[in-house]
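Okay, here's what each chain looks like letter by letter:
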Amino acid sequence: MIPQAVLDQWYPVAMTSLVGPWPGRETQLLGRPIMVFKTQSGAVSVQTAQGQAVAVTLAYGHVWACLGTPAQDLFALPEAAQPGRRLVDCGVVRVKCSPLRAVENFLDIAHFPFVHTDVLGAEPHTEVGRYEVQIRDDVDEVWATKVHFYQPQAAKSAAGGIVTEYMYRVAAPTAAVLYKTCPNRTNEWDVIGIFVQPLAEDLCDVYPYMALFDDVTPQADLIHFQQMIFLQDRSILENQIPRLLPLDPGMEIPTQADLTSVAYRRWLKRKGLTYGAQVVAA
Amino acid sequence: MILYDYILSASCYKVRLMAALLGIKLDLVAVDFHPGRAHKSAAFRDLNPAGSIPVLVDGDLVLTESTAMLVYLAQIAGPQWLGEASPQSAARVQNWLAFSGRLNSSLGLARLHDMLHFPADITACRTAGHLCLRELEAHLTQVRLEGRIFLEGTAPSIADIACFPNVALAPDGGVELRDYPSVRLWQRAVRSLPQFIEMPGIHRLHDLKPAPHSGAAA
Amino acid sequence: MTNWKASGLSKDLPPANVMHADWQGVDLAVWRSASGRLSAWVDRCPHRGMRLSHGFVRGETLACIYHGWTYGVTGACTHIPAHPDMTPPATITATRFEVTERGGVIWIAAKDDPTAPPDIAGFQPLRSLTVQVGEQALLQALAADAPGLTEAEGGLRGTVQIAGLDTQICLMLQPKAQETTLHILCGAGAGPAQVSRWAESLRRQIEDRSAP
C-alpha cells in the first residue's frame with residue numbers, strides 16, 4: 001500500500017524532447033505501469049495501464065507526473081529561464097537502488113575524493129567544514145548552504161583546482177538541485193540537478209540536468225562530463241546495504257559532514273514519504 | 001590522431017586506455033551517443049557508415065574497430081604490446097581480440113541494457129557473459145600455475161587491454177565477478193600498470209598511493 | 001563438528017587485497033593487510049552501508065571506497081577523512097567474523113571455535129570453481145561421476161582417474177543458495193593443469209545433466 005503523501009507528489013517520467021506518439025515511453029512509476037506519449041494535438045499525456053490519465057506538467061526539459069492529487073505545484077527553478085544559461089539534458093540512466101539513496105548521494109560531498117577522484121575531489125583535501133542546513137517550512141524544502149570543498153576540476157570549463165562553494169536544495173522527494181561556483185561568472189551560480197523517477201522502491205531512472213553559464217564547451221562534452229560524474233556514483237548506489245534508505249537512526253552512522261542527509265531523512269519521515277525507505281530498523 | 005569518443009563506452013575506453021599506457025595523446029571528440037544518438041546522424045555516418053563508435057582517424061587512415069585501433073597504436077608506439085613474435089603467440093593474441101568481441105556482445109550488451117535501456121535478452125546476455133568469464137578464468141588459472149599473470153606471455157599485451165574493459169564493467173550489467181578469483185587478480189594487475197586510467201564504473205585503486213594521514217598505520 | 005567453513009583459497013588473496021565471500025548466506029569482506037593479517041567482516045560500512053569488499057587496503061587498514069572511512073584489524077574505525085582531526089568514536093566498528101588459514105584454505109566461523117578446521121595436509125590448493133547446482137544435487141552427481149571420492153570433514157576426498165593417473169583429490173564444499181563453490185586441492189597423481197581441466201569437464205557434465 002503506497003501512502004497517499006507519496007502518490008500526491010510530482011515525479012519525472014521522461015525527457016520532453018524524446019516523447020513520441022502512442023504508446024510513447026512505456027515505463028513505470030511507483031511500481032505502476034504508465035505510458036508517456038504525445039497526443040495528436042501535440043500535448044504530452046501520461047496514462048496508467050487502465051487508460052486513466054494522470055496529472056502532468058512540463059518543466060525543465062522533463063515530463064512530470066502525479067498519480068494522486070498534486071499536493072502543490074511543481075517546485076520553481078527560476079534559473080532555468082534565466083537568459084544566457086545553457087540547459088543541458090544529460091539523458092537517463094537506470095540504477096538498481098532506492099530513488100531516495102540516489103538523491104542522498106547527490107547531496108553528499110565527502111565522497112568526492114574517493115569516487116570522483118581528481119575531478120570533484122582529491123586526497124589530501126578531504127575535510128568537510130561546517131555548513132548550514134535547514135528545513136525551510138515556507139517552501140517545504142531542505143537546504144544546505146555555505147558548503148565549501150576543494151575541487152581539482154570543478155566543471156568541464158574549470159582550468160585548475162579551486163575551492164568551490166555549494167548550495168544544495170531538495171526541491172521534491174526525488175528531485176534535488178545544487179548551485180555551485182561558476183568558473184566563468186563570479187557573481188552567478190551554475191545549476192545542476194538530478195531528477196529521479198521511482199520505478200520501484202529499489203529501482204530508478206535518473207535524469208541528470210544542468211543549467212550553466214558556458215558559451216564555449218560543446219554540448220556533447222558537457223553531457224559526457226555530467227554522465228562521467230553520475231556513472232562514477234552508480235556502482236556505489238548499487239552496492240549499498242540495505243537497498244532501501246534507512247530512516248530510523250541507528251542503522252547508519254552520520255557525522256557532521258552528513259547533516260544534509262540527516263535533514264533529508266528527517267524531512268522524508270516527517271512527511272510520510274517512505275517509498276524507497278526502510279522505516280523499521282531490520 | 002582523433003578519437004571519436006563516448007565516455008561510457010567500453011570500446012572507446014579500450015582505445016583511450018591503450019593510448020594512455022603508450023603515452024600517446026589523442027584528440028578526443030565527444031559524440032553525443034546518449035541521449036542524442038549522434039553516432040546515427042547523417043554527418044557521423046559519412047565518417048563511419050556503420051554508425052558505431054569509436055572511430056580513430058589519423059590522416060587518411062580511418063579505423064572503426066577498436067581492436068584494430070589497439071594494433072595500430074601498439075605498432076606506432078609500443079610493438080612489445082603486440083605479443084611475442086612466434087606464430088603461436090601472434091595467433092593467440094588474435095584469438096583474444098576476437099574473444100573481446102564476444103565479451104562486448106554479452107557483458108557489454110547486458111551493461112547497456114541495465115544502464116541505458118538498450119533492448120536485449122538480458123538473461124541470454126548474462127548467461128553468455130558467464131560462459132566467457134569461465135573461459136577467461138580457466139585460462140588465467142593455467143597462466144598463474146605457470147607463474148604468469150597476463151593473458152599472453154610474460155608482459156601485458158593488446159590482448160589484456162581488449163578484454164579488460166567489458167570484464168571490469170560486468171557488474172554494471174548485473175554480472176558479478178565474485179566466482180572468478182583469477183580474473184580478479186588479473187584485473188588488479190592491469191589496473192596497477194603505470195599510467196593506467198579509469199573510466200566511470202572502474203574506481204581508482206587508492207591503495208597504490210600511501211595514505212595522506214597517519215590512520216593507516218593503526 | 002567444526003563450524004569453520006571453507007571460504008576461499010589463501011593464494012587468491014595476496015597481501016593488501018580484499019574480496020567478497022559468502023558465509024552461510026551472509027555477505028562478508030575478507031581482506032589481508034600488507035603484513036599478511038587476515039580479517040573477515042560483514043560486508044557493510046557502518047556509515048552508509050556500502051560494501052567494504054569494494055574498498056581498498058592501505059597498510060594494516062581497510063578503507064571504504066565511498067567516503068574513505070578507515071578501519072584497523074580490530075574492526076575499529078581509525079580515520080574519517082571528512083573530519084581528519086577527529087578521533088572516531090570507539091562505537092564505530094566493523095562487525096567481525098573469525099577467520100583462519102589451514103592447508104592453504106581460508107576458513108571462516110561466526111564466533112571463536114575451539115575446534116580446528118579440517119586437516120588437509122598432503123594436498124596442494126589448486127583453484128575455486130562454482131557449480132550451478134545446490135549442495136545435495138552436487139553430492140549426488142559426484143557420487144556417480146567420481147565414486148572414488150568419499151565424504152570427509154568439510155567435503156570429499158579420495159582417488160580419481162585423471163589423464164590416466166590415479167590422482168589424490170580433496171574437494172572442500174561451500175554451499176550457496178542455488179550453487180556450490182568447490183575449493184579443489186590435489187595430491188599425488190596428475191599435474192595441477194590436468195586436474196584443473198578435469199574439474200572444468202566435471203562441472204560441464206554435472207550442469208548439463210541438471211539443466212531443465
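J.: What is the right way to look at the sheet that holds strand β1 (residues 11-15) of chain A in this model?
T.: Sheet strands pair via backbone hydrogen bonds, and the direction of the pair is either parallel or antiparallel. Residue and element names in this part refer to chain A. Taken together, three strands build an open sheet; the order of strands is β1-β6-β5 and the sheet is antiparallel. Edge positions in the sheet fall to β1 and β5 (55-59), since each has one partner strand and no second. Neighbour-to-neighbour, the strand axes of the sheet open up by a mean angle of 30 degrees, direction not taken into account. Across four bridges, β1 lies against strand β6 (residues 62-66) in antiparallel orientation. Across the sheet, residue Y11 finds its bridge partner in β6, namely A65.

J.: What exactly am I supposed to notice about the interface of chain C and chain B here?
T.: Frequently, the measure chosen for interface size is the accessible area removed from exposure when the parts meet. Contact residues are listed per partner, giving 35 residues for chain C and 25 residues for chain B. Summed over both partners, the interface of chain C with chain B buries about 2,300 Å², with 50% contributed by carbon and sulfur atoms. Taken as a group, D12(C), R58(C) and I65(C) account for 24% of the area that chain C buries against chain B, more than any other trio of residues on that side. Here chain C and chain B share three salt bridges between them. Among the ionic pairs, E207(C) bridges to R134(B), the shortest N-O distance being 2.7 Å.

J.: Help me understand the domain arrangement of chain A in this model?
T.: Residue and element names in this part refer to chain A. Split by domain assignment, chain A resolves into domain 1 (4-66) and domain 2 (79-278). A straight line from the C-alpha centre of domain 1 to that of domain 2 covers 24 Å. Each partner contributes residues to the interface: domain 1 has 19 residues there, and domain 2 has 20 residues. Carbon and sulfur atoms make up 64% of the area that domain 1 and domain 2 hide from each other, which totals about 1,600 Å². If you look at where domain 1 meets domain 2, you find one salt bridge. Note that D205 and R25 form a salt bridge whose closest N and O atoms lie 2.9 Å from each other. Between domain 1 and domain 2 we count twelve residue pairs in polar contact (both at pLDDT 80 or more) in total. Elements that contribute at least two residues to the side of domain 1 that touches domain 2 include exactly α1 (4-7), β1, β2 (25-29) and β6. Take the side of domain 1 that touches domain 2: its biggest share by element is five residues, from β1. Each residue belonging to the side of domain 1 that touches domain 2 can be placed in one class, and the counts come to eleven nonpolar, seven polar and one charged.

J.: Would you mind going over helix α1 (residues 135-145) of chain C with me for this structure?
T.: Turn by turn, an α-helix covers 3.6 residues, leaving residues three or four places apart pointing in a common direction. Residues and elements named next belong to chain C. By the burial criterion, the buried members of α1 are L138, L139, A141 and L142. Looking straight down α1, one finds that the buried residues subtend no more than 165 degrees of arc, so they occupy a single side. The exposed residues of α1 that point more than 90 degrees off its buried face are Q136, Q140, A143 and A144. Along its buried surface, α1 packs onto β11 (124-131), β12 (149-152), β13 (155-162), β14 (165-175), β15 (180-186) and α2 (192-210).

J.: Even after reading the chapter, I still don't get the pairing of strand β3 (residues 26-32) of chain C, so can you show me in this structure?
T.: Looking along a regular strand, one sees the side chains alternate between the two faces of the sheet. Residues and elements named next belong to chain C. Within β3, five of the seven residues are buried, which leaves it mostly tucked inside the rest of the structure. By the bridge criterion, seven bridges tie strand β2 (residues 17-23) to β3 in an arrangement that is antiparallel. Within the sheet, the bridge partner assigned to D22 lies in β3 and is D27. Turn length for the β2-β3 hairpin, with the two strands adjacent in sequence and antiparallel, is two residues, and the turn residue Q24 shows positive phi of about 50 degrees. As defined by bridge partners, β3 adjoins strand β4 (residues 38-42) across five bridges and the pair is classed as antiparallel. The partner of R32 across the bridge, within β4, is L38. In this antiparallel pair of consecutive strands, β3 and β4, the connection spans five residues, and G36 shows a positive phi of 105 degrees.

J.: What should I look at first to understand the packing of helix α5 (residues 122-145) of chain B against helix α7 (residues 181-191) of chain B in this one?
T.: The axes of two packed helices give the description: the angle between them and the distance between them. Residues and elements named next belong to chain B. Direction vectors running N to C along α5 and α7 enclose 75 degrees, while the axes themselves pass 8 Å from each other. In terms of axis orientation, α5 runs roughly perpendicular to α7. Taking contact as the criterion, the partners of L133, L136, E137, L140, T141 and R144 in α5 are, on α7, P181, S182, V183, L185 and W186. Broken down by class, the residue content of the contact of α5 with α7 amounts to seven nonpolar, two polar and two charged.

J.: What is the right way to look at the sheet that holds strand β7 (residues 70-72) of chain C in this model?
T.: Residue and element names in this part refer to chain C. Across the sheet, which stays open at both edges, the four strands sit in the order β5-β6-β7-β8 with antiparallel pairing between neighbours. The open sheet has two edge strands, β5 (56-58) and β8 (77-79), and neither has a second partner. Pairwise comparison of adjacent strand axes, ignoring direction, gives a mean angle of 40 degrees for this sheet. Where β5 lies against strand β6 (residues 61-63), three bridges are found, and the strand directions are antiparallel.

J.: Would you take a moment to explain helix α5 (residues 259-271) of chain A for this structure?
T.: Residues and elements named next belong to chain A. Compared with the 18 Å implied by 1.5 Å per residue over 13 residues, the 18 Å span of α5 between its first and last C-alpha is a close match. Buried within α5 are the following residues: T260, S261, A263, Y264, R265, W267 and L268. Here the buried face of α5 lies against α2 (99-106), β9 (132-136), β10 (141-151), β11 (162-172) and β15 (245-246). Where α5 terminates, the next one or two residues include G272, which has phi positive at roughly 70 degrees.

J.: I tried to follow the interface of chain B and chain A on my own but got confused; where do I start?
T.: With 23 residues of chain B at the contact, the number on the chain A side is 30 residues. For the pairing of chain B and chain A, the buried interface totals around 2,200 Å² over both sides, and the portion due to carbon and sulfur atoms is 56%. Seen at the junction of chain B and chain A, the total is three salt bridges. Two residues, D172(B) and R234(A), come together in a salt bridge whose shortest N-O distance is 3.4 Å. Across the chain B-chain A interface, the total number found is 14 residue pairs in polar contact (both at pLDDT 80 or more). For the side of chain B that touches chain A, the leading source of residues is helix α4 (residues 87-116) of chain B, giving three residues. A breakdown of the residues in the side of chain B that touches chain A according to their chemical character gives eleven nonpolar, six polar and six charged.

J.: Hey, could you run me through the side chain of Q9(A) in this one?
T.: Residues and elements named next belong to chain A. Relative to the helices and strands, Q9 resides in the loop between α1 and β1. Overall, the relative accessible area of 6% leaves Q9 in the buried class. Those residues in contact with Q9 that sit more than four places away from it in its chain are A65, C66, Q72, P173 and L273.

J.: Looking at this model, I keep getting lost on the pattern of salt bridges. Mind explaining?
T.: Should their charged atoms come close, side chains of opposite charge can pair. Residue and element names in this part refer to chain A. As enumerated under the stated definition, the model contains 38 salt bridges over all chains in all. Linking K96 and E238 is a salt bridge whose minimum nitrogen-to-oxygen distance equals 3.7 Å. Remark: E238 occurs in the loop between α4 (219-237) and β15 and K96 occurs in the loop between β8 (93-95) and α2; sequence separation between them is 142 residues. A relative accessible area of 15% places E238 in the buried class. Across the pair D248 and K269 runs a salt bridge, and its minimum N-O distance is 2.7 Å. With D248 in the loop between β15 and α5 and K269 in helix α5, the pair connects residues that are 21 residues apart, well separated along the chain. The exposure class assigned to K269 is partly exposed, which follows from its relative accessible area of 38%.

Rules of the game
Residues numbered from 1 in each chain as written. Chains lettered and ligands numbered in written order. Predicted model: local features only at pLDDT ≥ 70, side-chain atom pairs only at ≥ 80, totals over all residues. Heavy atoms only, no water. Pairing = 2+ DSSP bridges. Helix = DSSP H or I, 4+ residues; strand = E, 2+ residues; numbered from the N terminus. Axes fitted to C-alpha atoms, helices over the stretch in contact; angles between N-to-C directions. Contact = heavy atoms within 4.5 Å. Buried area = accessible area lost by both parts, 1.4 Å probe. Salt bridge = Lys/Arg side-chain N within 4 Å of Asp/Glu carboxyl O. Domains from an automatic or database assignment. Polar contact = N/O pair within 3.5 Å; in protein donor to acceptor, adjacent residues only side chain to side chain. Nonpolar A, V, L, I, M, F, W, Y, C, P; charged D, E, K, R; others polar. Buried < 20%, exposed > 50% of the residue type's maximum accessible area, 1.4 Å probe, protein only. Arc of directions from axis to C-beta. Parallel < 35°, antiparallel > 145°, perpendicular 65-115°, else oblique. Expected span 1.5 Å × (residues − 1).

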